[in-house]
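# Architecture at a glance
These are the residues of each chain, in order.
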Amino acid sequence: AQSVTQLDSHVSVSEGTPVLLRCNYSSSYSPSLFWYVQHPNKGLQLLLKYTSAATLVKGINGFEAEFKKSETSFHLTKPSAHMSDAAEYFCVVSDRGSGNTPLVFGKGTRLSVIA
Amino acid sequence: DAGVTQSPTHLIKTRGQQVTLRCSPKSGHDTVSWYQQALGQGPQFIFQYYEEEERQRGNFPDRFSGHQFPNYSSELNVNALLLGDSALYLCASSSGTGGAKTQYFGPGTRLLVL
């Protein structure tokens, strides 16, 4: 069974400073890992995805995440926050090795960006 | 290229009623998954449809049922609505099943049960 723990429910940063959103996962098989972003009253947008290639994954809008198997982590980072980054972020796991598997979401981290 | 579309955008129902939500997948996608997102929570998997059959189901009661049509569009039906069914219902589509497939989400249908 898979599970995801997002270690912070709320992160607040100043505009132009780095962003770090933390995620730990548990998976019975080789995991696929995703980060999705949800702006208020909007659907979910895929930021980036790890399936088995490079452990450092680059996504849209300057975000990236590093898969660390030994730490079972998949933290999301961005060098410099922008006001438009304020949103809810979800870390998501799926079992890549098995057949039909759903996405399992974390509870989300709300990112606030202060001007 | 149209993304995933859902209708209606908002819906208000009363307890005990039945509701049908609709989803059209992204062009070229054949698999549709449905998720429920309660306020302040992450989405939870309801079920997935592929080749017009329910392939996998999450921990939801039988009041939640679905259908997939030959054109890959899908419906989510909820019977005997409860107050706790108030949530954002998200549809996601992908090309095939499997854990490595990227799922693309629609904007959701917000259901309020009074």
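The coordinates are above.
## Here we look at the overall build of chain A
Of regular secondary structure, chain A possesses 0 helices and 12 strands. Mapped from its N terminus to its C terminus, chain A presents α and β elements in the order β-β-β-β-β-β-β-β-β-β-β-β. What you see for chain A is a C-alpha radius of gyration of 14 Å, in line with the 13 Å of a compact globule of 115 residues. Principal-axis analysis of the C-alpha atoms places the extent of chain A at approximately 45 × 30 × 20 Å. When the 115 residues of chain A are sorted by exposure, 44% land in the buried category. Of the roughly 5400 Å² of accessible surface on chain A, a fraction of 51% belongs to carbon and sulfur atoms. Side-chain charges in chain A split into 10 positive and 8 negative, and the spacing between the mean points of these groups amounts to 4 Å.

## What to know about the sheet that holds strand E8 (residues 74-78) of chain B
Residue and element names in this part refer to chain B. Across the sheet, which stays open at both edges, the 4 strands sit in the order E1-E3-E8-E7 with antiparallel pairing between neighbours. This sheet does not close on itself; its edge strands, each paired only once, are strand E1 (5-7) and strand E7 (64-68). Taking each pair of neighbouring strands and ignoring which way they run, the sheet shows an average axis angle of 20°. In terms of strand pairing, E1 meets strand E3 (residues 19-24) through 3 bridges, oriented antiparallel.

## Here's the deal with the pattern of salt bridges
Residues and elements named next belong to chain B. All told, the structure shown has 7 salt bridges over all chains when counted by the stated rule. With its nearest N and O atoms 3.1 Å apart, the salt bridge here joins Glu51 to Arg55. When the shortest N-O distance is used, the salt bridge between Arg63 and Asp85 registers 2.9 Å. Taken together, the positions of Arg63 in the loop between strand E6 (53-57) and E7 and Asp85 in the loop between E8 and strand E9 (87-94) put the pair 22 residues apart, joining distant regions of the chain. Of the two residues examined, Arg63 and Asp85, each falls in the buried class.

## Examining a nonpolar patch on the surface
Residues Ile12, Leu112 and Leu114 of chain B make up a contiguous nonpolar surface patch of roughly 300 Å² in combined accessible area. Tracing the backbone shows Leu114 of chain B in the segment after strand E11 (109-113).

## Some points on the interface of chain A and chain B
Counting from both sides, the interface comprises 24 residues of chain A and, opposite them, 23 residues of chain B. Buried area between chain A and chain B, both sides added, is near 1700 Å², and the carbon and sulfur share of it is 51%. At the junction of chain A and chain B, the tally comes to 4 residue pairs in polar contact (both at pLDDT 80 or more). Contributions of two or more residues to the side of chain A that touches chain B are made by strand E5 (31-38), strand E6 (44-50) and strand E10 (87-95) of chain A. Counting residues per element, the side of chain A that touches chain B draws most heavily on E5 of chain A, at 4 residues.

## Topic: the state of the cysteines
Enumeration over the complete set of coordinates arrives at 2 disulfides over all chains. Shown here is the disulfide that connects Cys23 of chain A with Cys91 of chain A, its sulfur atoms set 2.0 Å apart. The chirality of the disulfide connecting Cys23 of chain A with Cys91 of chain A is left-handed, given an S-S dihedral of about -65°. Highlighted residues: Cys23 of chain A in strand E4 (residues 23-26) and Cys91 of chain A in strand E10, separated in sequence by 68 residues. The pair formed by Cys23 of chain A and Cys91 of chain A is uniform in burial state, with each residue classed as buried. In this model, Cys23 of chain B is linked to Cys91 of chain B through a disulfide, with the two sulfur atoms separated by 1.7 Å. With the S-S dihedral at roughly -55°, the linkage between Cys23 of chain B and Cys91 of chain B falls on the left-handed side. Of this pair, Cys23 of chain B sits in strand E3 while Cys91 of chain B sits in strand E9, and the two are 68 residues apart along the sequence. For Cys23 of chain B, a relative accessible area of 2% translates into the label buried.

Definitions and limits used
- Residues numbered from 1 in each chain as written.
- Chains lettered and ligands numbered in written order.
- Predicted model: local features only at pLDDT ≥ 70, side-chain atom pairs only at ≥ 80, totals over all residues.
- Heavy atoms only, no water.
- Helix = DSSP H or I, 4+ residues; strand = E, 2+ residues; numbered from the N terminus.
- Rg over C-alpha atoms; globule rule 2.2 N^0.38 Å.
- Buried < 20%, exposed > 50% of the residue type's maximum accessible area, 1.4 Å probe, protein only.
- Areas by Shrake-Rupley, 256 points an atom, 1.4 Å probe, with all protein chains shown as cover.
- Lys, Arg positive; Asp, Glu negative; His and termini not counted.
- Charge placed at Lys NZ, Arg CZ, Asp CG, Glu CD.
- Pairing = 2+ DSSP bridges.
- Axes fitted to C-alpha atoms, helices over the stretch in contact; angles between N-to-C directions.
- Salt bridge = Lys/Arg side-chain N within 4 Å of Asp/Glu carboxyl O.
- Patch = residues over 30% accessible without salt bridge, like charges linked within 9 Å, V, L, I, M, F, W, Y side chains within 5 Å.
- Contact = heavy atoms within 4.5 Å.
- Buried area = accessible area lost by both parts, 1.4 Å probe.
- Polar contact = N/O pair within 3.5 Å; in protein donor to acceptor, adjacent residues only side chain to side chain.
- Disulfide = S-S within 2.5 Å.

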